[in-house]
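# Remarks on the overall topology
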Amino acid sequence: MPGLWLQLGGSLIAILMLAGLARLLGLGRTPPITDPDLAAREAEAMLSGFEAGEAIVASDGAAALVHGRDGSVAVLKRHGAHLAARRVSAEAVHETPDGWRVDTGEAQFGTVLVRR
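Residues numbered from 1 in each chain as written. Predicted model: local features only at pLDDT ≥ 70, side-chain atom pairs only at ≥ 80, totals over all residues. Heavy atoms only, no water.

## Comments concerning the sheet that holds strand β7 (residues 111–115)
Keep this limit in mind: Two strands are counted as paired when DSSP detects at least two bridges linking them. Helix numbering and strand numbering both begin at the N terminus, where a helix is a DSSP run of H or I of at least 4 residues and a strand a DSSP run of E of at least 2. The convention used is that axes are lines fitted to C-alpha atoms, helices contributing only their stretch in contact, and that angles between N-to-C directions extend from 0 to 180 degrees.
A sheet is described by the order of its strands in space; here 3 strands give the open sequence β5-β6-β7, paired in antiparallel fashion. Of all the strands in the sheet, the pair left with one neighbour each is β5 (93–96) and β7. Adjacent strand axes in the sheet meet at a mean angle of 25 degrees, parallel and antiparallel pairs treated alike. Where strand β6 (residues 99–103) and β7 come together, 5 bridges link them in antiparallel fashion. When the sheet's bridge partners are listed, Gly99 is paired in β7 with Arg115.

What follows is the structure, given as structure tokens:
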């Protein structure tokens, strides 16, 4: 029985060491969205036929709004280790005291807040 506890303890230590190494290397994290040009390029790359205009990046780097030349809006957000984007109508964007709230209409994507 004591050997089983040693094996369990060793396995837990190994798992924690690997998790710490992954965190140290920054694996699994999306870097913040800091540049409006990057947001515009990503929106064009992810959304077929989208032509980017002005972009607004959230102060916390977690989301961005990109206005399209056709009047639509692309909303980007960090999602796991990647960025995710959706095209919404301009009516889906609502200005609030905290920033811009975007109702995507998708339960999985959710509502996005682009902070001031």
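Moving on, there is more to tell.
## Thoughts on the packing of aromatic side chains
To be explicit about the condition: Centres within 6.5 Å make a pair out of two Phe, Tyr or Trp rings, where for Trp the six-membered ring is used; the pair is then stacked when the planes are under 30 degrees apart, edge-to-face when over 60, and tilted otherwise. Any Lys NZ or Arg CZ found within 6 Å of a ring centre and within 35 degrees of that ring's normal is scored as a charge over the ring.
Scanning all chains against the criterion turns up 0 aromatic pairs. Above the plane of the ring of Phe109 lies Lys77, whose end atom (NZ or CZ) is 4.6 Å from the centre. When the ring centre of Trp100 is taken as reference, the NZ or CZ atom of Arg116 above it lies at 4.8 Å.

## With respect to the pattern of salt bridges
Operational definition: The rule for a salt bridge is simple: a side-chain nitrogen of Lys or Arg has to be within 4 Å of a carboxyl oxygen of Asp or Glu. The buried label applies to any residue whose accessible area, calculated with a 1.4 Å probe on protein chains only, is under 20% of its type's maximum; exposed applies above 50%, and partly exposed to all values in between.
This structure, assessed with the given rule, holds 5 salt bridges. The partner of Glu106 in a salt bridge is Arg86, with the nearest N and O atoms 3.0 Å apart. Remark: Arg86 occurs in strand β4 (residues 82–88) and Glu106 occurs in the loop between β6 and β7; sequence separation between them is 20 residues. For the salt bridge of Arg116 with Glu95, the shortest nitrogen-to-oxygen distance reads 2.6 Å. Within this pair, whereas Arg116 is found in the segment after β7, its partner Glu95 is found in strand β5, the two being separated by 21 residues in sequence. Relative accessible area serves as the criterion here: at 45%, Arg116 is assigned to the partly exposed category. What makes Glu95 exposed here is its relative accessible area of 56%.

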